[in-house]
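The chain contents come next:
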Amino acid sequence: MSQDLMDQYFQMLSGESADAVNQFFGPSGYSGYNSGGYYGSSYDPNNPYANLNPYKYSGQDDSGDKLYADLIRAQTRDYNQRFAPLENFMAGQITATGTKSLGDDLARTRSSTAGAVANVQGQQGRSMGRMGLTNTSNIANSTTAVGGLVGGLNDTRLRDSDRRTAILSGSMSGISQKARSTGS
Amino acid sequence: MGGGGDGPEELESKSALAEQAANALQRYGQTFVPLENMYIQDTMNMFDPNASASEMAAAQNQTSSLYEQGLGDMQSAQFNMGLDPTSGRVKKESSALREAQARGMGLAGASAGIDYTDAAYQGLGNVINMGQGLQTNAMSGNIDRLQAGLDRSGAQAQSDFARSSSLQSIAGTGAGMAYGSYGLGGGG
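All figures in this text were calculated on a predicted structure; none of them were measured in a lab. (Residues numbered from 1 in each chain as written. Chains lettered and ligands numbered in written order. Predicted model: local features only at pLDDT ≥ 70, side-chain atom pairs only at ≥ 80, totals over all residues.)

A.B. asks: What should I look at first to understand the overall build of chain A in this one?
C.D. replies: Looking only at helices and strands, chain A features six helices and two strands. Ordered by position in the sequence, the α and β elements of chain A form the string α-α-β-β-α-α-α-α. Across the 184 residues that make up chain A, the buried fraction comes to 29%. Here the analysis covers contacts within chain A between residues at least 6 apart in sequence; of these, 54% occur between residues at least 24 apart. (Helix = DSSP H or I, 4+ residues; strand = E, 2+ residues; numbered from the N terminus. Buried ≥ 20, exposed ≤ 12 C-beta atoms within 10 Å, placed from the backbone. Contact = placed C-beta atoms within 7 Å.)

A.B. asks: Hey, could you run me through the overall build of chain B in this one?
C.D. replies: The number of helices and strands found in chain B is six helices and zero strands. The secondary structure elements of chain B, listed N-terminal to C-terminal, are α-α-α-α-α-α. A total of 188 residues make up chain B; the buried ones form 38% of that total. Expressed as a percentage of contacts within chain B between residues at least 6 apart in sequence, the contacts between residues at least 24 apart total 81%.

A.B. asks: So what exactly am I meant to see when it comes to the nonpolar core here?
C.D. replies: What tends to happen in soluble globular proteins is that the nonpolar side chains get buried as a cluster. With 25 residues, the main nonpolar core has A:Val117, A:Val120 and B:Ala102 as its most contacted residues. In terms of residue count, the dominant contributor to this core is helix 3 (residues 88-131) of chain B (14 residues). Other than its neighbours up to four places away in sequence, B:Ala102 contacts A:Ala116, A:Val117, A:Val120, A:Ile139 and A:Ala145. (Core = buried A, V, L, I, M, F, W, Y, C linked by C-beta atoms within 7 Å.)

A.B. asks: Where do I start with the packing of helix 2 (residues 53-80) of chain B against helix 3 of chain B in this structure?
C.D. replies: To describe two helices that pack against each other, one gives the angle between their axes and the distance between the axes. All names here are of chain B. At their nearest, the axes of helix 2 and helix 3 sit 8 Å apart, and the two run at 165° to each other. Between helix 2 and helix 3, the angle is such that the two are roughly antiparallel. As helix 2 packs across helix 3, the resulting crossing turns out to be right-handed. (Axes fitted to C-alpha atoms, helices over the stretch in contact; angles between N-to-C directions. Parallel < 35°, antiparallel > 145°, perpendicular 65-115°, else oblique. Left-handed = near helix turned anticlockwise from the far one by under 90°.)

A.B. asks: Can you walk me through the interface of chain A and chain B in this structure?
C.D. replies: How big an interface is tends to be expressed through the accessible area that disappears when the partners come together. With 53 residues of chain A in contact, the opposing surface of chain B contributes 52 residues. Sorting the residues of the side of chain A that touches chain B by element identifies helix 3 (63-93), helix 4 (102-129), helix 5 (143-169) and helix 6 (171-183) of chain A as the ones contributing at least two each. With twelve residues, the single largest contributor to the side of chain A that touches chain B is helix 3 of chain A. Of the residues assigned to the side of chain A that touches chain B, the class counts are 24 nonpolar, 19 polar and ten charged. (Nonpolar A, V, L, I, M, F, W, Y, C, P; charged D, E, K, R; others polar.)

A.B. asks: What is the right way to look at the environment of A:Thr76 in this model?
C.D. replies: All names here are of chain A. Relative to the helices and strands, Thr-76 is located in helix 3. Judged by the 14 C-beta atoms lying within 10 Å of it, Thr-76 is partly exposed. Sequence separation between Thr-76 and Ala-96 is 20 residues, and the spatial gap between their C-alpha atoms is 31 Å.

A.B. asks: What is the right way to read helix 1 (residues 12-45) of chain B from this model?
C.D. replies: Taking 1.5 Å of rise per residue, 34 residues should cover 50 Å, and helix 1 of chain B covers 48 Å from first to last C-alpha, within 8% of that figure. The largest bend along helix 1 of chain B reaches roughly 45° and is located at B:Phe32, with the proline B:Pro34 sitting one to four residues downstream. Considered for burial, the residues of helix 1 of chain B that qualify are B:Ser15, B:Ala18, B:Ala22, B:Leu25, B:Gln26, B:Gly29, B:Val33, B:Ile40 and B:Thr43. Check the buried side of helix 1 of chain B and you find it contacts helix 3 of chain A together with helix 3 of chain B. (Expected span 1.5 Å × (residues − 1). Bend = angle between axes of the 7 residues up to and from the residue.)

A.B. asks: Got a minute to help me understand the environment of B:Val33 in this structure?
C.D. replies: Position of B:Val33 among the secondary structure elements: in helix 1. For B:Val33, a count of 20 C-beta atoms within 10 Å translates into the label buried. Non-local contacts of B:Val33, meaning those with residues more than four positions away in its chain, are made with A:Asn46, A:Asn47, A:Pro48 and B:Tyr28.

A.B. asks: Got a minute to help me understand the packing of helix 4 of chain A against helix 5 of chain A in this structure?
C.D. replies: Residues and elements named next belong to chain A. Running from N to C, helix 4 and helix 5 point in directions that differ by 160°, and their axes come no closer than 10 Å. Between helix 4 and helix 5, the interaxial angle falls into the category roughly antiparallel. Considering only the axes of helix 4 and helix 5, their crossing is right-handed. Across from Leu-102, Asp-105, Leu-106, Thr-109, Thr-113 and Val-117 in helix 4, the residues of helix 5 making contact are Ala-145, Gly-148, Leu-149, Gly-152, Leu-153, Thr-156, Arg-157 and Asp-160. Class assignment of the residues belonging to the contact of helix 4 with helix 5 gives a composition of six nonpolar, five polar and three charged.

A.B. asks: I would appreciate a short explanation of unusual backbone geometry in the present structure.
C.D. replies: Peptide bonds are trans in most cases, and residues, glycine excluded, mostly fall at negative phi. One non-glycine residue, A:Asp62, lies in the positive phi region at around 50°. Following the sequence through the fold, A:Asp62 ends up in the loop between strand 2 (37-38) and helix 3.

If you want it as structure tokens, here you go:
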């Protein structure tokens, strides 16, 4: 059977029947079917509900129930396609002490401090040069600059740890609570 | 009508409500899903390690300007006091302030980078709330974040300048008034 005919055939079926047919015959190759259920056609992430037909079951028994079931399946698939991967990404960012962004944040703190030292060293040299003096100071080795770097790195770690707590008590806790209540 | 089943026939209104829900969902898909996807993409782009470079540079520049004004005032004060630019006092004082400037700029840039990462996570949290059907909170934008960083830098600069004896000595003069006018003079 060609893909078009398969599509037409599946579109005539209710969502439940389409799932049953797929389960019975194994992977059908039908473009609109995935493990999340039948939704009418292939999934377009930029218009995921375009293939819903509000009048698909008009005149049939339990047309409201059947249409509602299609809507729920369509929403479930949209959630699985667009949002679930992001939830997994967020959960995957959490480490034992903070988040996976710590490495990048530490690198940025180092580069920011080093860049600022080089910048100011140049400014100081030019400023003294205008008075005919030679700049002999070495800001990079000063206690202030080194202390600033160490303090900045410590602050970066602390803020990453705070971020972890905020994620765990914020978005992630909301998801787990909702998942728990959905099943009850 | 009816399919000959034994159960009660479905209310017509139930079917109408389902159709209404389907229409609403289609409209959501057509109009709002592309906008949601745009926001999701923007949020994920914020996790790029180099995405915060311009915010960090802006924070450094703004912090530098806070110190530049004070350094200029300090130099004027030193000249007016007749201090020799090669003297130990002048060198020590200007070096100390330059080091403080470097520290301030470095930390302001670093903080802007961390704020940006926080904003990325906040944006991701908003996206997740969207997926869960929860109301999302408005996140602070670039300008808000930059201003918060500058407020911190300003407070640090104020404390750094308070240690400059040359600047302390010009309090009450024209330059001192200018020094106070950009918020670095402190109240005490």
